[in-house]
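Spelled out, the chains give:
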Amino acid sequence: MPEVDQEGKDYGINIPVKTEGFFLKGASALDWGMKNRFSRIFNPKTGRTVMLAIDHGYFQGPTTGLERIDLNIVPIAHYADTLMLTRGILRTTIPPTYQGGIVLRASGGPSILKELSNEQIAVDIEDAIRLNVSALAVQVFIGGEYETQSVHNLTRLVDMGNRYGIPILAVTAVGKDMARDARYFRLACRICAELGAHYVKTYYVPDGFATVAASCPVPLVMAGGKKIPELEALKMTYNAIQEGAAGVDMGRNIFQSESPAAMIQAVRAVVHENLSPQEAYELFLQLKHQKT
Ligand code: 5RP
């Protein structure tokens with residue numbers, strides 16, 4: 001029989017219980033599980049994240065740099081706070097001992113040979129839970145041919161995510177007739193947040209990115225976009241962070257770099273340590289020559 005407890009004495013009567021806020025924009029009212037998952041994506045010390053996006057194969061097959069994820073990505077995965085990928089690559093290729101966050105691609109359907117906005121939800125929430133993911137990502141095509149369908153994918157996933165405590169990342173994909181400017185991204189990001197996305201991924205625009213970040217009530221992460229020279233990519237990262245992004249979800253500018261390991265460490269230094277682009281580029285050159 002268990003011992004009968006002697007009633008406690010130390011009730012800390014005069015010490016108020018701390019009511020902690022939460023370090024991410026727009027996330028204070030979320031439940032514990034959602035916040036805990038967010039803390040696996042965003043570093044609570046800096047409030048920022050380096051997500052390594054390697055999900056390109058879901059619509060374009062073995063993309064340059066991702067031909068062999070076991071050889072090219074697994075050795076650098078520990079430099080990322082989070083991987084963004086499909087469940088096929090997660091199950092087949094990523095060691096289950098991986099300690100970072102997992103953001104699972106949850107929409108898909110068309111390949112590059114067809115109309116890309118014609119996506120459906122491509123993962124069952126039970127499988128996402130089974131895989132212990134930190135968030136689910138869905139493409140939203142504002143202005144695209146299947147705009148409403150992709151928005152409906154988002155809202156259904158938000159309902160599922162809210163039910164089980166899994167954050168939903170809305171990925172803004174550029175519709176055919178929309179210019180990639182701040183006006184477009186203000187529209188797209190705000191729609192995603194209004195409809196319940198817990199955070200949003202968008203592209204950097206040199207003119208007015210701060211207004212995109214300011215008018216979006218949830219954290220924004222910057223997509224890398226097509227491969228550009230390393231110094232340019234570091235400048236873009238720096239500017240996005242200074243103008244309000246809470247991190248990056250970068251793919252090609254890391255895994256197509258001449259030294260992916262050096263590049264992801266340089267990006268980390270900009271995101272988490274506020275290194276200037278030139279300082280980060282010097283770090284990149286130094287690490288590249290060390291062949292880390
Ligand atoms: C594909 C995606 C990619 O994850 C995204 O484009 C990030 O990769 P990159 O930095 O190469 O643009 O969402 O639709």
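Residues numbered from 1 in each chain as written. Predicted model: local features only at pLDDT ≥ 70, side-chain atom pairs only at ≥ 80, totals over all residues. Heavy atoms only, no water.

Chemist: Just to check I follow, could you spell out the pairing of strand β9 (residues 220-223) for this structure?
Modeler: A regular strand carries its side chains on alternate faces of the sheet. Here β9 shows a buried face lined by Leu220 and Met222 and a second buried face lined by Val221 and Ala223. Bridge count for strand β8 (residues 199-203) against β9 is 4 bridges, and the pairing is parallel. Bridging from a neighbouring strand, Val200 pairs with Leu220 of β9. Here β9 runs beside strand β10 (residues 247-250); their pairing, made up of 2 bridges, is parallel. By the bridge assignment, Ala223 is partnered in β10 with Asp249. (Buried < 20%, exposed > 50% of the residue type's maximum accessible area, 1.4 Å probe, protein only. Helix = DSSP H or I, 4+ residues; strand = E, 2+ residues; numbered from the N terminus. Pairing = 2+ DSSP bridges.)

Chemist: Help me understand the site of the ligand, please; the structure alone is not making it clear to me.
Modeler: Lining the immediate environment of the ligand, one finds 15 residues, of which Asp55, His56, Lys201, Gly251 and Arg252 sit closest. In this structure, an oxygen atom belonging to the ligand sits 2.9 Å away from a side-chain N or O atom of Lys201. Within the backbone of Gly224, one N or O atom sits 3.1 Å away from an oxygen atom of the ligand. Summarising the interface, the protein chains cover 96% of the accessible area of the ligand, which totals 370 Å² for the free molecule. Broken down by secondary-structure element, the contributors of at least two residues to the shell around the ligand are β8 and β10. Looking at the shell around the ligand, its residues break down into 5 nonpolar, 5 polar and 5 charged. (Near = heavy atom within 4 Å. Polar contact = N/O pair within 3.5 Å; in protein donor to acceptor, adjacent residues only side chain to side chain. Areas by Shrake-Rupley, 256 points an atom, 1.4 Å probe, with all protein chains shown as cover. Nonpolar A, V, L, I, M, F, W, Y, C, P; charged D, E, K, R; others polar.)

Interpretation in functional terms is not warranted from these geometric data alone.
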